[in-house]
Amino acid sequence: MVLKVFFPSCCSSADSGILIGRWLSEQSSAVVLAVVHFPFIPVQVKQYLGEVQHLTKVSLSVLGSWSNSKQEKEEGLSEFLEDLGTIFSHEPWIQISKEGDSKFWSCSTLQKHSSSPKEEEVILVYYDQRKVMLSHLHPPLDTGDGRAEDASKLSAIFDTVARSRVLFMTDRYDEGPIKLTHWQSEGVEASIIVELLKQTSVPACMLLTFLLSLVSGICRSRVLKFWPLSFLWSKLSTCEQLGHRLQHLQVISSNKKAQTQTQLMRKANIFVSLLIDVALGILLMSWLYRKNRIGHLADTLIPVADHVAEELQDLLQWLMGAPAGLKMNRALDQVLGRFFLYHIHLWISYIHLMSPFIEMILWYVGLSACLGLTVALCILSDIIALLTFHIYCFYVYGARLYCLKIYGLSSLWRLFRGKKWNVLRQRVDSCSYDLDQLFIGTLLFTILLFLLPTTALYYLVFTLLRLLVVIVQGLIHLLVDLIDSLPLYSLILRLCRSYRLAAGVKFRVLEQQDGKPLRLLMQINPLSYGAVVQTYRLPTYSCYPKDSWASLCKKLFLGELIYPWKHKGEKQD
C-alpha cells in the first residue's frame, strides 16, 4: 500500500513539532497544512482544531510528528514524538524527520492499534501552499472516466487547502498558546490601499445601486412601451448595447456576494471589460475633439453621401439601358428605373436639408463615447444604417417584387400539374382545374416568366449592395461582441498569475534513494488561453439572427429578406 503525504514546502525549515492537516482515507493520502511547535498543551491543540473545524467544515486532526534534527539538541526527542501518537491517537501516525543538511528525509508510519501492522511505502509530495490555496482547479474538458477520477482526487486536495484559509490567518506574532508554521506564518498579507478601497466601495456601490434601480425603473415604465420609443429601443443597436451594459452594472453593484468561483470571475470580467471599454471610449472622444476633427468629419460626410448617390444614379442609368448586352423588358425597366431614381432624388434632398445640422449632431454624438467604445461603435452602425436607408429600401422593393414572381411561378407550375397547396394541412394535394383556369394560369405564367429577368437583375444588384452594407455592420458588431464577451480579467490573470487558473498538476521527481521515501514536487498546470476564453466568456446579445449558409442561400434564391431590422426570436418576413 502506498501512502502519499502532501507536505507544504514552506514548512521544510520549521522547528520540530506536530503535523496538523486532513486525512483522506479513500485516497490513502495525508494533506499537511501546518506545523505546531513546542511547547504546547495537547488539550489546547485539540480545542483549537475543533474551532477551526467548526469554521471551515474540514475534518482536521493531528497527523503525526515533524523533527528537524538540525535545530534540536535535546536527547530523547524522537521517543517523545512517538509518545505523542498515544495522546492524539491517529492511525496511521506519520513521523517525518529532516536529517541535518541532507536532501533525503526519513518518513515512517506507526499503527499501534493494528493487529497486523504492514510496512507502507511513503511518497512525499511537496506543494506550494499559497498557490494551491489561491488556485481554482477546473474540471477537464475531456470527461473520460480516468481523468474525471483523477480530477476528483485533486479537487479534494485543492479544496482542503482552500477551505482552511482561517488556519492561515494566525502568524507567529499572535499572542496565543499555539505557534504555527505555514505559508503566511511570517505575517498576514495586507494592503492599506486595498483596505481603504474596500471601505470606500461600500457607499459607492450603494449609490450606484440606487441610480441603476432608478434607471431600470424608468426603462421598465410604460413610457417606453409606446410606439415611437418602443420601436427605437428595440431596433437601434445603440439602445440594445446600453441595455446590455445596464445589466452589467447591475451585476457589479449587486450587494449579493458571489457564492462560487465562476460568479466571482464573471463579476471581475465584467468590471474589467467595462473599465477598458470606457477608457477606450474616452480616448476616442479626446481624439475626436482635438484639432476640430468633428468639423472635418462633418465636411467630409456630405460629399461622400453625394458621391454614393451619384454612383447609384449611374448604376440605375446603366440598368435602364442594355446592361452587359442583356435584352430587358423595356416598359418594366423604365418604370423600375424611374421609381428608384425618384427615391435617390428624395434622399439627396433630405441629406442637403440636414447638412447644416450634421456638425452639431456629430458633436453631441461624440460625447456618447464616454459611455464606452462599444456604444460609439453601435452609434456608428446605426448611422451607417440611416445613411444607407435608401439602399435598404431598394433592396426591400426588389426582393418583394422578385419573391412575388418566384412564388407566383411556383404556384402556377403546380396548376399545370393538377396540384395545389393545401394551406390547412400544409401539403400539396391533387386538384382538377377547368379550361378557363388553365388558360388564365398559362397567361399569367407566361407574363411572369418573361418579366422575371428584368426583376431578377434589379434584385441581384440591390442585394449585392445590401450585402455590402450588412458586411460592414457585421464587422462592427463582431468587434462590439468581442469587447463585450472577451474575459479580459481571466486573460490578464492567466498571463500574470497562471497558477490561479489550474487545469491540473504535474509531478517532478526531486530525489530517489533506496530505503528513503520518494520525493516529488507538485506543480500546477495552468489553463490554456483558449480554454480560459471558452470557460469564462461572457454572454452577449446579437442584433441579427444567425442563419446557416444553406438557409442564407435559400433566402437569397427565393427573395426572402436577409438580416432585416429584426431580432432573434422574431419571425422573418
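The structure presented is a predicted model; accordingly, all values stated were derived computationally and were not measured.

Before going further, it helps to spend a moment on the overall build of the chain. Helices and strands together make up the secondary structure of the chain, namely 17 helices and 13 strands. Relative to its full complement of 573 residues, the chain shows a buried share of 40%. Residue pairs at least 24 apart in sequence account for 71% of intrachain contacts in the chain once pairs closer than 6 positions are excluded. Put simply, the chain shows about 32,800 Å² of open surface, and 63% of that area lies on carbon and sulfur atoms.

Taken from the UniProt record, the annotation "transmembrane region" (unreviewed entry) applies to residues 201-219, 270-289, 335-354, 361-388, 394-416, 437-461 and 467-492. Annotated as 100% helix and 0% strand, the span residues 335-354 places its first and last C-alpha atoms 29 Å apart. The span residues 361-388 is 79% helix and 0% strand, and its two end C-alpha atoms sit 18 Å from each other.

Two elements in contact, helix H7 (residues 237-252) and helix H8 (residues 261-288), have axes whose closest approach is 10 Å; the angle formed by their N-to-C orientations is 130°. On the basis of their axis angle, the class for H7 and H8 is oblique. Seen along the crossing, H7 lies across H8 with a hand that is left-handed. Contacts from Arg245, His248, Leu249, Val251 and Ile252 of H7 reach H8 at Arg266, Lys267, Ile270, Phe271, Ser273, Leu274 and Asp277. Classifying every residue of the contact of H7 with H8 gives six nonpolar, two polar and four charged.

Moving on to the state of the cysteines. Here the structure, examined in full by the defined rule, presents zero disulfides. Cys11 takes part in no disulfide bond, and the closest cysteine sulfur to it belongs to Cys10, at a distance of 4.0 Å. Given the relative accessible area of 0%, Cys11 is considered buried.

One way to see where empty space is left: roll a probe the size of a water molecule over the atoms. In this structure, the second largest pocket encloses a volume near 880 Å³. The wall of the second largest pocket is formed by 35 residues, among which Leu301, Leu380, Ile383, Ile384 and Leu387 lie closest to the centre. Those elements that provide at least two residues to the lining of the second largest pocket are H8, helix H9 (293-320), helix H10 (330-354), helix H11 (358-367), helix H12 (373-387), helix H13 (389-416) and helix H14 (435-485). For the lining of the second largest pocket, the class distribution of residues is 29 nonpolar, five polar and one charged.

Here we take up the packing of H9 against H10. Contact pair H9 / H10: the axes reach a minimum separation of 9 Å and the direction vectors enclose 170°. Taken together, the axes of H9 and H10 lie roughly antiparallel to each other. Here Ile302, Ala305, Asp306, Ala309, Leu312, Gln313, Leu316, Gln317, Leu319 and Met320 of H9 lie close against H10, whose contacting residues are Arg330, Asp333, Gln334, Gly337, Arg338, Phe340, Leu341, Ile344, Ile348, Ile351 and His352. Partitioned by chemical class, the residues of the contact of H9 with H10 number 12 nonpolar, five polar and four charged.

Okay, the pairing of strand S12 (residues 501-511) next. As judged from the two bridges shared by strand S8 (residues 136-137) and S12, these two strands associate in the parallel manner. The residue bridging His136 from the neighbouring strand is Leu501, located in S12. Two strands pair when backbone bridges link them, and S12 and strand S13 (residues 518-526) are joined in this way by eight bridges, in the antiparallel orientation. Considered in S13, the bridge of Ala502 is made with Pro526. In sequence, S12 turns back onto S13 through a hairpin of six residues, with Gly515 there showing a positive phi of about 85°.

Below, the discussion takes up the confidence of the model for the chain. Taken residue by residue, the chain gives an average pLDDT of 80. The fraction at 70 or more is 82%. Across the chain, the element-wise mean pLDDT spans from 64 in helix H2 (residues 77-88) up to 91 in helix H15 (residues 488-496).

It is characteristic of soluble globular proteins that their nonpolar side chains tend to be buried jointly. Core analysis: the biggest nonpolar cluster contains 40 residues, and Val45 and Leu167 have the highest contact counts within it. If you tally residues by element for this core, the top one is helix H4 (residues 145-163), at five residues. Sequence-distant contacts of Leu167, that is, excluding residues within four places in its chain, are made with Ile20, Leu33, Ala34, Tyr48, Val52, Leu180 and His182. Counting residues in hydrophobic clusters, the runner-up holds 32 residues, among them Leu312, Leu409, Phe445 and Tyr458.

An α-helical segment advances 3.6 residues per turn. Residues three or four places apart therefore align on the same side. Here H14 spans only 63 Å end to end across 51 residues, well under the 75 Å set by a 1.5 Å rise per residue. Largest kink in H14: about 40°, centred on Leu452, with the proline Pro453 one to four residues after it.

About the cut-offs
Residues numbered from 1 in each chain as written. Predicted model: local features only at pLDDT ≥ 70, side-chain atom pairs only at ≥ 80, totals over all residues. Heavy atoms only, no water. Helix = DSSP H or I, 4+ residues; strand = E, 2+ residues; numbered from the N terminus. Buried < 20%, exposed > 50% of the residue type's maximum accessible area, 1.4 Å probe, protein only. Contact = heavy atoms within 4.5 Å. Areas by Shrake-Rupley, 256 points an atom, 1.4 Å probe, with all protein chains shown as cover. UniProt positions renumbered as here; feature names shortened; annotations may be inferred. Axes fitted to C-alpha atoms, helices over the stretch in contact; angles between N-to-C directions. Parallel < 35°, antiparallel > 145°, perpendicular 65-115°, else oblique. Left-handed = near helix turned anticlockwise from the far one by under 90°. Nonpolar A, V, L, I, M, F, W, Y, C, P; charged D, E, K, R; others polar. Disulfide = S-S within 2.5 Å. 1 Å grid on protein atoms, 1.4 Å probe; cavity = no way out; pocket = protein on both sides within 12 Å on 5 of 7 lines; lining within 4 Å. Points joined across faces, edges and corners; volume = space filled by probe spheres on them. Pairing = 2+ DSSP bridges. pLDDT = per-residue confidence, 0-100. Core = buried A, V, L, I, M, F, W, Y, C linked by side-chain atoms within 4.5 Å. Expected span 1.5 Å × (residues − 1). Bend = angle between axes of the 7 residues up to and from the residue.

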